[in-house]
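Coordinates in review
Okay, here's what each chain looks like letter by letter:
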Amino acid sequence: MLDEDIESGESESSEKAKDASVSRKKYELLEDVPGIGSATSEKLRELGFHTVESLAMATARELEAVGISEKKALEIIGAARSNIGVSFIRADELLKIRHKVSRLTTGSKALDRILNGGLETQTITEFYGQYGSGKSQLCHQLCVNVQLPKDRGGLDGAALYVDTENTFRLERIVQMSKHLGLDHEKVAKNIIYAEAYTSDHQMFLLENADEVIKTNDVKLIVLDSLTAHFRSEYVGREMLVARQQRLNKHMHKLIGLARAFNTVAVVTNQVMAKPGVFFGDAVHPVGGHVVGHTSHTRVYLRRASQGPVRIARLVSSPYLPEGEEILKITENGIEDTSVDERNKPRGR
Ligand SMILES: Nc1ncnc2c1ncn2[C@@H]1O[C@H](COP(=O)(O)OP(=O)(O)OP(=O)(O)O)[C@@H](O)[C@H]1O
Ligand SMILES: [Mg+2]
């Protein structure tokens, strides 16, 4: 425990924390949580925990890094969790929590169909594929769609876009907004953008995103791309373990934010060649087991033989069967294909 906290009488925190878990009262600010005084809240902000919601998703070990004892860390995380109701529940209550999950349209009814209605909140969806397969275009489209009202497949919220390759283009947002009859200036105002220059910077941005998410009512978080910086900075076998550990931490932060704020989380990922594969798909996504296990839903995008058509395959989902559909990228954004386009032979 921090000395200042002892002086400010925060050692009574355990009793207060217990009360909190019983009454489930609402804490707005970190300082409202029993056990958190000004010294602790400062340390928590240093770690990127600006809101009670994100603190609820922290691990004791993370807080220990700034000198908060394990006991105290468990207490304050427990109190934060009780505030948003994250604790043991009966399985039948899970259904109620699932009802909170909303879906965001991709802009293509066909792709929405294999995703059971669109991208889910509280989980991570990964789009992977070769260059030009449409990953960034989909991310742009989702930033516009998330602002649509719920009856049009949106979530009536804002978007947070972390761009690692400097490929975000406002011109595309304008085109897509116009096509949907939205005021493009308003749409642009509701996309909170940051360019990440290195993998550390990318992690830092996400670690400090909770307050921005809360105050702007962000309902979509985009990391485009999740893996590019990690892949170029951690080169060679000897760096693989360190890279995977960092990626794991980053993905867990993203899951925590998606759950705490009931947002959709989207990451994009490149592919690499599978050596020695002559039949079937000769590529696989970067990031190994860490990305594979932390992305709940994985969609593989690839070009059809030529033209605007793309093939989207749902490769893994916690509860949906594999499926494949086609869509197209036009000036309007992501759209469904025509009957003619659907009947053309598909490329690999
Ligand atoms: N205004 C537009 N009108 C029609 N098609 C467009 C338009 N802008 C982009 N595209 C299509 O989208 C493609 C680029 O897709 P995108 O940038 O999403 O690829 P990506 O999967 O993100 O690739 P990378 O791995 O290089 O990031 C272009 O090659 C083009 O086919
Ligand atoms: Mg891209």
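Structural data are supplied above this passage.
I will try to describe carefully the structure that is included in this document. For clarity, every value in this text was computed on a predicted model and none was experimentally measured.

1. Focus on the site of ligand 1
In the vicinity of ligand 1 lie 14 residues, with Tyr131, Gly132, Lys135, Ser136 and Gln137 positioned nearest. Counting residues per element, the ones that place at least two in the shell around ligand 1 are α9 (135-145) and β12 (323-330). Here the residues of the shell around ligand 1 are counted per class, giving three nonpolar, nine polar and two charged.

2. Some remarks on the sheet that holds strand β13 (residues 333-335)
Taken in spatial order, the nine strands line up as β5-β4-β6-β7-β3-β10-β11-β12-β13 in an open sheet, and their pairing is mixed. The open sheet is flanked by β5 (191-195) and β13, the only strands paired with a single partner. On average, adjacent strands in this sheet sit at an angle of 25° to one another, irrespective of strand direction. One ladder, built from six bridges, connects strand β4 (residues 158-163) with strand β6 (residues 218-224); its direction is parallel. If you follow Val162 over to β6, its bridge partner there is Leu223. Against the sheet, α9 makes contact with β3 (124-129), β4, β5, β6, β7 (264-269), β10 (297-303), β12 and β13, and its axis sits at roughly 165° relative to β6, the strand it touches most. Sheet strands touched by helix α15 (residues 240-260): β3, β6 and β7. Its angle to β3, the strand with the most contacts, is close to 130°.

3. Overview of unusual backbone geometry
Of note, the bond from Asp224 into Ser225 is cis; its omega dihedral lies within 30 degrees of zero at 5°. Along the polypeptide, Ser225 turns up in the loop between β6 and α14 (228-233). Positive phi, normally seen in glycine, also occurs at Gln122, with a value near 75°. By the element assignment, Gln122 lies in the loop between β2 (119-120) and β3.

4. Looking at the environment of Lys274
Structurally, Lys274 is set in the loop between β8 (271-273) and β9 (283-285). The class of Lys274 is exposed, set by 12 C-beta atoms lying within 10 Å. With eleven residues separating them in the primary sequence, Lys274 and Pro285 have C-alpha atoms 9.6 Å apart. Once you skip the residues sitting within four places of it in the chain, Lys274 turns out to touch Ala282, Val283 and His284.

5. A closer look at the nonpolar core
If you look at the biggest cluster of nonpolar residues, it comprises 75 residues, and the most contacted ones within it are Leu55, Cys143, Ala159, Leu220, Val222 and Val266. Per-element tally for this core: the top contributor is α15, with six residues. The residues that make up this core include at least three from each of domain 1 (3-84) and domain 2 (98-343). Once you skip the residues sitting within four places of it in the chain, Leu55 turns out to touch Leu30, Leu44, Phe49, Ile76, Ile77 and Ala80.

6. A closer look at helix α10 (residues 170-179)
All of the buried residues along α10 are Ile173, Met176 and Ser177. For α10, the buried positions fall inside an angular range of 100° around the axis, keeping them on one side. Where the residues of α10 are buried, they touch α9, α11 (184-189), β5 and β13. Where α10 terminates, the next one or two residues include Gly181, which has phi positive at roughly 75°.

7. Regarding the pairing of β12
Of the strand pairs in this sheet, strand β11 (residues 309-316) and β12 are connected by six bridges, and their pairing is antiparallel. Bridging across to β12, Ala312 finds its partner in Glu325. Counted between consecutive antiparallel strands, the loop separating β11 from β12 contains six residues. Inspection of the sheet shows β12 paired to β13 by three bridges, in the antiparallel sense. By the bridge assignment, Ile329 is partnered in β13 with Ile334.

8. Focus on the pairing of β11
In this structure, β10 lies alongside β11, joined through six bridges in antiparallel fashion. Looking across to β11, one finds that Tyr300 is bridged to Arg313. Taking the residues that link successive antiparallel strands as the turn, the β10-β11 hairpin has five residues, and the phi of Gly307 there is positive, at about 85°.

9. Examining the packing of α9 against α10
Where α9 meets α10, the closest approach of the two axes is 9 Å, and the angle between their N-to-C directions is 50°. In terms of orientation, α9 and α10 fall into the oblique class. Seen along the crossing, α9 lies across α10 with a hand that is right-handed. Listed contacts from α10 to His140, Gln141, Cys143 and Val144 of α9 are Arg172, Ile173, Met176 and Ser177. Residues belonging to the contact of α9 with α10 are distributed by class as follows: four nonpolar, three polar and one charged.

What counts, and where the lines are drawn
- Residues numbered from 1 in each chain as written.
- Chains lettered and ligands numbered in written order.
- Predicted model: local features only at pLDDT ≥ 70, side-chain atom pairs only at ≥ 80, totals over all residues.
- Near = placed C-beta within 6 Å.
- Helix = DSSP H or I, 4+ residues; strand = E, 2+ residues; numbered from the N terminus.
- Nonpolar A, V, L, I, M, F, W, Y, C, P; charged D, E, K, R; others polar.
- Pairing = 2+ DSSP bridges.
- Axes fitted to C-alpha atoms, helices over the stretch in contact; angles between N-to-C directions.
- Contact = placed C-beta atoms within 7 Å.
- Buried ≥ 20, exposed ≤ 12 C-beta atoms within 10 Å, placed from the backbone.
- Core = buried A, V, L, I, M, F, W, Y, C linked by C-beta atoms within 7 Å.
- Domains from an automatic or database assignment.
- Arc of directions from axis to C-beta.
- Parallel < 35°, antiparallel > 145°, perpendicular 65-115°, else oblique.
- Left-handed = near helix turned anticlockwise from the far one by under 90°.

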